[in-house]
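# Descriptive structure summary
Take a look at the letters that make up each chain.
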Number of protein chains: 2
Amino acid sequence: MNIGEIARRAGVARSTVSYALSGKRPVSDETREKIQRVIDDLGYRPNASARALANGRTSTIGLVFPPAGNHYTGMQLDFIGSVVEAAAARDYDVLLSPSGMDSDRSFQRLLGERRVDGAILMEIRLEDERVDHLARLDFPSVTIGRTARPGGTWWVGLDHTALAAACVHHLADLGHRRVAFVNRPEQLLRAGYESAHRGLDGFTKAAAERGLAVRTYCCGDDPASGQACLERILHEDPATTALVTLNEAALGGLYRGLAHAGRHLPRDFSVTGVVASRWAETVTPQLTAADVPAEEMGRRAVDLLIERLDHPGGAPRHHLLTPPISLRASTGPAGGASFAETTPPAGTS
Amino acid sequence: MNIGEIARRAGVARSTVSYALSGKRPVSDETREKIQRVIDDLGYRPNASARALANGRTSTIGLVFPPAGNHYTGMQLDFIGSVVEAAAARDYDVLLSPSGMDSDRSFQRLLGERRVDGAILMEIRLEDERVDHLARLDFPSVTIGRTARPGGTWWVGLDHTALAAACVHHLADLGHRRVAFVNRPEQLLRAGYESAHRGLDGFTKAAAERGLAVRTYCCGDDPASGQACLERILHEDPATTALVTLNEAALGGLYRGLAHAGRHLPRDFSVTGVVASRWAETVTPQLTAADVPAEEMGRRAVDLLIERLDHPGGAPRHHLLTPPISLRASTGPAGGASFAETTPPAGTS
DNA sequence: TTGAAAGCGATACCAG
DNA sequence: CTGGTATCGCTTTCAA
């Protein structure tokens, strides 16, 4: 079923059917209705490939995120969901590409073969070859996260520096003096992941400002690593009374480690960090955290990209978000239990 | 940059370039190398729309899942991730479509406009108009989950009946006599969601077989609902000593409710269910559960679909999986505390 | 082993 | 207001 067949049955030219559909040229009511009847009868829908070939637009956006092997973090998945829904609302389809490098086959297909009109990139690194690549090609794209020098590019991001600092200040205000930082996996830090770097920076500087004793850790993206990491923390400094984390996937393990060490939240230990609300609310006690507004970020990224597609050559725009800390139940005043002096160090049993 | 330009620069016909690329016709080494050099020089990649138009295949599969408004469950997202990775490994792209009905715009675009070669459907209902629609059109598709009468269709599914029954038997073997069932939200049950129905069935029958006293509940897909649901359970029958759940998103809330009621797992209460392992391992104590093998299911769905695409007309195939229960730490013998008689009912404070 | 040309199914320009 | 036709970039048949 194609446009020629519709034209034949309606007794008009193919171009007339096309114009009746697009409205880009006036068509008499009579003709339009005649055409519409045929279309409804046959359930005709124009072929997307042909249309894309003819007018150079696919009405599809690419969503590029690194392959995760076994598991994605909840946050990554939240972004995917929000981007897809926002795009659907704007009548765009979303093509997924699990690629971490600009040389990945899937990445090449998306861009090189022009399968998409534009792309949204996730999991940005401070130095990101994918971003540079796209910028060089002047390929319309928006990043969720920002590189070291984001000037001239389109992005929506979180102010991880400020967020981590806010966590530190919150803990310092509560009287905590010895605080640990639980980051994403070391391999991601080394690879230059933005959130890991800026978060660490913000934490370190704010802690120095407040004169806190700190230790920083990298931690795998899973509960078992979280538990192991917590054991290390209490082993290396049993007097630690609080931690800040960016690692939502490890959160459950951190909690478990605390429970095993006999530390009761928030009485003798406080936990806070940067985590999407749905995960913060899953743990008990619920996590006091700067909530990552995944839905808003996905929606804004889509809006920016569509704006860029509709108005090529416009000045780069971006959104830097700094969500407030939501007070829940995982932080409390330090010293409630003076734990380190009344019990043996954990992690040694 | 198109195939004509490559042909011109290499001094050959367009068809020769095409054949050099596809290998569907012998091309002399000399010619091929000449062409390849030009291609490498210019970084040429064939246009996907043109190719799709010419040969009728898009090398893209559609992944259809219901719009979730605010949040997807972790399991849904796990499926998405696994399908995307499996497809990428087979050089297929994945187009996402958040649509619950066959009338959704996104659904129509995907199929009607032939944006995809085939589709994978998630969140199947016992009576599913999307599945019927696709079957009528003979559109290549595979479902994750199965309808009431899955004969003649392609699917990969979980034997929820057997899984729920296995949970019941596990608890009964441990001596539990009063057991609750925490299902997905009522609205999904009413809508006929397969897992909710078959799971409930399996639970009910197995419980009857073992002579257990049971209560069944529907519960919203979020921690707050889980907590509320647990309060109701203990309020309506304080002597309940165990529960089975399909609702992974509520799990954190169920645990919290138990903690608030002073029930210690697994000493005075046991929890088990059907949940993907990564979520089962997030909670403390880790959940003894039939692990949903999301990755395997996604991979198998992709394999089945590609098989169906490559060999049209083949006999329908399917995989029914029954993963075993992984013993972790959330279940234990009943009666360890004889809780109901020594403390007031929970949920009344 | 290679070239020429006819589609694939739309869009949009040029005429009338 | 409508029709005819070139065009998008690739695949594949037909001929040499």
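Cut-offs used in this document
Residues numbered from 1 in each chain as written. Chains lettered and ligands numbered in written order. Predicted model: local features only at pLDDT ≥ 70, side-chain atom pairs only at ≥ 80, totals over all residues. Heavy atoms only, no water. Least-squares fit on C-alpha atoms with pLDDT ≥ 70 in both. Contact = heavy atoms within 4.5 Å. Helix = DSSP H or I, 4+ residues; strand = E, 2+ residues; numbered from the N terminus. Axes fitted to C-alpha atoms, helices over the stretch in contact; angles between N-to-C directions. Parallel < 35°, antiparallel > 145°, perpendicular 65-115°, else oblique. Left-handed = near helix turned anticlockwise from the far one by under 90°. Nonpolar A, V, L, I, M, F, W, Y, C, P; charged D, E, K, R; others polar. Expected span 1.5 Å × (residues − 1). Buried < 20%, exposed > 50% of the residue type's maximum accessible area, 1.4 Å probe, protein only. pLDDT = per-residue confidence, 0-100.

### Some points on the relation of the copies chain B and chain A
- Mapping chain B onto chain A calls for a rotation angle of 180° and an axial translation of 0.1 Å; the resulting RMSD is 0.1 Å. Given the turn and translation reported, the copies of this chain are related as if by a two-fold rotation axis.
- An overlap of 100% is found between the interface residues of chain B and their copies at the interface of chain A, pointing to a shared contact surface.

### Things to note about unusual backbone geometry
All names here are of chain A.
- Looking along the chain, the bond that leaves Thr284 and enters Pro285 is cis, with omega of -5°.
- With respect to the helices and strands, Pro285 occurs in the loop between α13 (277-280) and β10 (288-290).
- Residues other than glycine seldom take positive phi values, yet Ser59 does so here, at roughly 55°.
- As for its position among the elements, Ser59 is in the loop between α4 (48-55) and β1 (60-65).

### A look at the packing of helix α1 (residues 3-10) of chain B against helix α3 (residues 29-42) of chain B
Residue and element names in this part refer to chain B.
- Two elements in contact, α1 and α3, have axes separated by 9 Å at closest approach and are oriented at 125°. In terms of orientation, α1 lies oblique with respect to α3. Relative to α3, α1 is oriented so that their crossing is right-handed. Each of Ile6, Arg9 and Ala10 in α1 lies in contact with α3, whose residues at this interface are Lys34, Ile35, Val38, Ile39 and Leu42.
- Along the lines of polarity and charge, the residues of the contact of α1 with α3 split into 6 nonpolar, no polar and 2 charged.

### What about helix α10 (residues 194-209) of chain B?
Residue and element names in this part refer to chain B.
- For α10, which comprises 16 residues, the first-to-last C-alpha distance of 22 Å matches the rise-based estimate of 22 Å (1.5 Å per residue) to within 8%.
- Every buried residue of α10 is accounted for by Glu194, Ser195, Ala196, Arg198, Gly199, Gly202, Phe203, Ala206 and Ala207.
- Turning to α10, the residues buried within the fold contact β5 (155-158), α8 (160-173), β6 (178-183), α9 (186-190), β7 (213-218) and β8 (242-245).
- Following α10 by one or two positions, Gly211 has its phi on the positive side, about 65°.

### Quick look at the confidence of the model for chain A
- On average, residues of chain A score 93 in pLDDT, and 95% of them reach the 70 mark or higher.
- Contacts from residues 338-349 of chain A, a stretch scored under 50 in pLDDT, to residues over four places away or in other chains number 15 contacts.

### Details of the side chain of B:Ser195
- Examined against the element boundaries, B:Ser195 turns out to sit in helix α10.
- Setting aside residues up to four positions removed in sequence, B:Ser195 forms contacts with B:His160, B:Arg184, B:Leu200 and B:Leu246.

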